[in-house]
Structures are given as structure tokens and as C-alpha cells.
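Reading the structure
Chain by chain, the residues:
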Amino acid sequence: LLPPEVRDLLSYLSKRLLHSGDKTVSMVVDEFDCNGRCNPLFTTIESYLSSKSASSAKVMKMNQHSKSRALTFSMGPDQDLLDHFNGFQLKWSSKSDKHKHPNDTFSEHRSITLSFDVKHREAVQSVYLPKVLREAEAIRFKNREKRLFSNRKDAHWTSVPFSHPSTFETLALESKVKEDIMSDLTNFVARKEYYRRVGRTWKRGYLLYGPPGTGKTSLIGAIANFLDFDVYDLELTAVADNTQLRTLLLSTASKSVIVVEDVDCTVDVMNRSRGLKRTHDEMEEEPVVAASAAVTAVSLSGILNFLDGLWSTCEGERLMVFTTNHVERLDPALLRPGRMDMHVHMSYCGAEAFRTLMKNYLGVGDHALLAEAEGLLPSAKMTPADVADVLMGCGDDVELGMRDVVERMKRRRIEVAADAEVVNGNKGTEKEEQIVF
Ligand SMILES: Nc1ncnc2c1ncn2[C@@H]1O[C@H](COP(=O)(O)OP(=O)(O)OP(=O)(O)O)[C@@H](O)[C@H]1O
């Protein structure tokens with residue numbers, strides 16, 4: 001019944017009375033700042049308290065995550081929650097005030113207060129609060145929606161939710177290669193302290209090379225899903241110059257995979273050792289015309305600086321992935337360790353990859369035609385995409401799928417042999433012509 005001003009004054013006075021002689025320190029975090037803008041710290045602390053609320057709060061708000069459908073809990077209004085750290089106790093209290101506006105509408109103002117004994121002030125400020133922020137960040141990262149950023153439309157990042165179906169389980173690749181990649185990625189994300197100690201940017205470069213349809217893009221999807229990272233699809237032909245490239249890279253977030261697909265087609269990264277006349281410096285600085293019709297003014301030095309982490313002054317880990325169908329075209333400067341730490345060769349479908357595809361598409365691990373199919377694979381030179389294409393056309397019909405894929409392999413074997421004959425034949429003609437001239 002009291003006007004809000006009187007109620008606030010009474011509340012303030014009663015608190016002063018209650019806490020006189022008290023050695024408690026309180027820190028208040030409001031949901032909105034004085035301009036009505038959201039306070040990101042409030043949301044961060046809410047995330048931290050959500051993990052605690054589930055086990056100890058008496059009144060909780062229950063929410064469902066829009067994407068994962070997982071239940072999350074947050075503190076209800078006017079609740080207290082006790083936390084313990086290094087043998088002392090801290091109290092988090094939530095408060096919610098309703099304010100009536102002159103036009104008879106109401107708005108809710110929430111705040112969270114942290115209270116603790118004054119003698120722990122130093123420990124709370126320097127150790128406890130940074131720990132809270134770290135844990136909150138990890139919780140929010142786990143619950144967030146993965147995104148795919150792209151600069152294809154203009155020179156800025158635009159993003160859409162990212163959900164690539166590929167995982168290391170569904171990827172048709174030798175299990176030894178998969179295990180090596182997964183363990184390399186796990187080591188990389190766990191070594192923040194190591195990178196800091198040795199003074200290196202927390203980044204790692206991957207080069208995926210091989211013919212089209214061998215799963216380079218699928219592997220990128222599997223990596224992003226494995227690490228739960230966002231993906232930045234960097235289109236170099238849409239970047240005006242090195243300065244714009246720098247700006248784009250500086251605006252990438254941590255925990256991201258930065259991808260440059262078909263790098264040999266978008267920037268002149270030709271192997272200098274193959275008799276190019278330009279000097280090293282000329283080549284590095286010169287804005288170049290790409291191998292394809294597309295043109296980019298990003299120079300090789302721009303790419304090298306990017307790989308050396310010169311522009312990654314930002315915090316956090318970043319994985320850089322380059323793909324190419326023609327590894328032999330790339331300048332060795334691009335390939336050296338530190339720039340491309342891991343080289344992954346994606347090739348034609350082998351026996352192990354074929355069994356993975358059979359399981360993915362037909363749901364079986366064995367079949368009477370499997371041995372025949374495996375025997376045909378080396379000479380048929382089919383990519384995983386070719387095999388997947390045949391199997392997908394057969395729906396759930398295992399018999400049809402296996403029959404079709406074996407038939408296709410037999411036809412491909414003949415085509416491959418015929419192509420090889422043409423090539424050898426041409427070589428023979430060239431030789432003859434050389435002798436004639
Ligand atoms: N190794 C693989 N494992 C599982 N599926 C694969 C694999 N390789 C190809 N595929 C299938 O073929 C399709 C095309 O493959 P993907 O785009 O990954 O190949 P790519 O090597 O990136 O080709 P490109 O060089 O033309 O970009 C994928 O959507 C997937 O269905």
C-alpha cells in the first residue's frame with residue numbers, strides 16, 4: 001500500500017539497522033544499467049548460479065534450452081543460495097522489484113547480491129570471482145547455439161545456426177587417421193597454459209588435401225562438432241585487401257574453426273620453387289590474380305601473417321583449416337610446421353572407409369558382396385562421395401545397394417583403365433614427335 005519511494009527508504013533503513021556492527025561486504029549486480037541496457041555480467045552470474053541452483057535452491061525457475069531441449073534451472077526471486085570456497089561461505093541472494101510506471105504498466109528490476117565476510121575480500125576479488133566467471137563462461141558455451149559465419153555476401157561476417165551432420169563416427173576415413181586427428185585436437189584445446197608459457201598464439205593449422213568428394217568439407221564439420229566450435233567460412237575473393245583480411249580475422253570469436261576452402265584457387269600460392277621469376281619479396285607483397293577467374297587482392301604475405309598468428313592478438317583458441325585439391329601447387333612456405341601443423345591426405349575410398357559408408361547408408365556391417373567390393377576398390381578409384389551417391393539412391397534396400405555399388409565399381413574400373421591407356425598413348429605420341437623434331 002506504500003508508495004515505492006517510502007518502501008525503498010524503509011527497506012534501506014531496516015537493512016542499515018540489521019547490519020550495524022556487521023562485518024559483511026555486499027556486491028550488487030543489477031540486471032540493467034542506468035540507461036536501461038542489459039548488464040552482461042548479470043547474465044554471466046545467472047549462468048553460474050544455474051548450475052548451483054539445481055542442487056541447493058528451494059525455489060527455482062525451470063527453463064528448457066531451445067535447441068538441446070535440456071532443462072536448466074535458475075534462482076527464483078528473493079532466494080538465497082550458499083556457496084563455499086577455500087573453507088569459507090558466501091551468500092548469493094536474488095531480488096526482484098516491480099516498478100509501476102505513470103502509464104500504469106509495470107517493469108521488473110532484478111539484481112543479484114553476493115555477501116561474504118570482509119576478511120575474505122581479497123580472496124573473493126582475486127580468486128573466487130575469476131573462477132565464477134570462468135565456470136559461467138564454460139556453462140554458457142555448452143548451452144549456446146553453434147553458428148556458421150561467412151563473408152561470402154560482403155566483406156563482413158554474417159551468421160546462421162550451424163548444424164553439420166558429419167561426425168568422426170560417420171566419417172569414412174581410416175580409424176588410425178581419425179584417432180590421430182581427435183587426439184591432436186584434444187591436446188590442442190587442453191594446452192592453453194602451454195601456449196601462453198612458450199609465448200605462442202593459441203592456434204593450430206590444418207591442411208586437408210585430396211581429390212574432390214573425398215570428405216574434406218565433411219571432416220571440417222566433424223571437427224567443429226567434436227570441439228563444439230563455431231565455423232568461420234573465409235572467402236578470400238570477397239576480401240578487398242590485407243587490411244580487410246586483418247579486420248575480419250580480428251573479429252572472429254575464440255573457440256572457432258576458420259576455414260579457407262580451395263586455397264589454391266583463390267590466392268596465388270603457387271610453388272615458387274617451380275621456376276617463377278619474381279623474387280620472394282615481390283611475390284609476398286604483390287596483390288595477385290588468382291588461378292581461377294576469381295580475383296583477390298590478398299597477398300601471400302597476408303595469408304602467411306594470418307597463419308603466423310600476427311593478427312591474432314585476441315584471446316582464445318582458433319583452428320585454421322585450409323583445403324585444396326592440388327597440394328603440389330602450394331608454396332612450401334605455406335606448408336611448413338607452425339603454419340600447417342597437420343597435413344591430412346583425403347583419398348579414394350579404401351576398405352575401412354567403405355565399411356563405414358555401408359554402415360551409415362545401409363545399416364549393415366557385413367554382406368556377401370563385401371569381399372568382392374573390397375577387391376574392386378583399389379582399381380575403381382571411387383571417392384567416398386561416389387560410393388555415398390550410389391548407396392543413397394537405394395534407400396534402405398541392402399541387396400540393391402550392394403549390387404549397384406559393385407556394378408558401379410566394375411564400370412569405373414574399366415573407365416580408369418581406359419583413361420590410363422589414353423594417357424600412356426599420348427606420352428608415346430609425344431615421344432615420337434620429339435624424335436621427329
Ligand atoms: N570421407 C567421407 N565420409 C563420409 N561421407 C563422405 C566422405 N567424403 C564424401 N562424403 C559424402 O560426399 C559428400 C561430398 O563430400 P565433401 O564435400 O565433404 O567432399 P570434399 O572433399 O570437400 O569435396 P570438394 O573438394 O569438392 O569440396 C558429402 O556430403 C558426404 O555425403
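Notes on the structure in this doc start here. Every value quoted in this text rests on a predicted model; they were computed, and no experiment measured them.

1. A look at the overall build of the protein chain
Summing up its helical and strand segments, the protein chain has 15 helices and 13 strands in all. Buried residues in the protein chain amount to 25% of all 437 residues. Residue pairs at least 24 apart in sequence account for 70% of intrachain contacts in the protein chain once pairs closer than 6 positions are excluded.

2. Here we look at the site of the ligand
Every one of the 15 residues lining the ligand counts as a neighbour, but Ala172, Pro212, Gly215, Pro384 and Ala385 are closest to it. Of all the secondary-structure elements, those providing two or more residues to the shell around the ligand are helix H6 (216–227) and helix H14 (384–392). Its residues assigned to classes, the shell around the ligand comprises eight nonpolar, six polar and one charged. Residue contributions to the shell around the ligand reach at least three from each of two domains, namely domain 2 (147–345) and domain 3 (351–436).

3. A word on the sheet that holds strand E8 (residues 158–161)
Spatially, seven strands are ordered E8-E7-E10-E11-E12-E9-E13 in an open sheet, and the strand pairing comes out mixed. The outermost strands of the open sheet, each flanked by one partner alone, are E8 and strand E13 (342–345). Neighbour-to-neighbour, the strand axes of the sheet open up by a mean angle of 20 degrees, direction not taken into account. Examined bridge by bridge, strand E9 (residues 203–209) and E13 share four bridges and lie parallel to one another.

4. Quick word on the nonpolar core
If you look at the biggest cluster of nonpolar residues, it comprises 58 residues, and the most contacted ones within it are Val257, Val259, Val321 and Leu357. Both domain 2 (147–345) and domain 3 (351–436) contribute no fewer than three residues apiece to this core. Met75, Ile112, Val132 and Ala136 belong to the second-largest nonpolar core, a separate cluster that totals eight residues.

5. Details of H14
Within H14, the full set of buried residues consists of Pro384, Val387, Ala388 and Leu391. Projected onto a plane normal to the axis of H14, the buried residues spread over an arc of 100 degrees and lie on a single side.

6. Quick notes on the sheet that holds strand E4 (residues 80–85)
Ordered by their spatial adjacency, four strands build an open sheet running E1-E6-E5-E4, and the pairing between neighbours is antiparallel. Each edge of the open sheet is held by one strand with a lone partner, namely strand E1 (24–30) and E4. Each neighbouring strand pair of the sheet contributes to a mean axis angle of 25 degrees, computed without reference to strand direction. Judged from the six bridges that link them, E4 and strand E5 (residues 88–100) form a sheet pairing that is antiparallel. Along E5, the bridge assignment pairs Asp83 with Leu90.

7. Side note on unusual backbone geometry
The backbone of Asn86 shows a phi angle near 45 degrees, a positive value even though the residue is not glycine. Considering the arrangement of structural elements, one finds Asn86 in the loop between E4 and E5. Given 9 C-beta atoms within a 10 Å radius, Asn86 is considered exposed. Phi is positive for Asp262, which is not a glycine, with a value near 50 degrees. Following the sequence through the fold, Asp262 ends up in the loop between strand E11 (256–260) and helix H8 (263–266). Asp262 gets classed as partly exposed once you count the C-beta atoms within 10 Å, which come to 19.

Cut-offs used in this document
- Residues numbered from 1 in each chain as written.
- Predicted model: local features only at pLDDT ≥ 70, side-chain atom pairs only at ≥ 80, totals over all residues.
- Helix = DSSP H or I, 4+ residues; strand = E, 2+ residues; numbered from the N terminus.
- Buried ≥ 20, exposed ≤ 12 C-beta atoms within 10 Å, placed from the backbone.
- Contact = placed C-beta atoms within 7 Å.
- Near = placed C-beta within 6 Å.
- Nonpolar A, V, L, I, M, F, W, Y, C, P; charged D, E, K, R; others polar.
- Domains from an automatic or database assignment.
- Pairing = 2+ DSSP bridges.
- Axes fitted to C-alpha atoms, helices over the stretch in contact; angles between N-to-C directions.
- Core = buried A, V, L, I, M, F, W, Y, C linked by C-beta atoms within 7 Å.
- Arc of directions from axis to C-beta.

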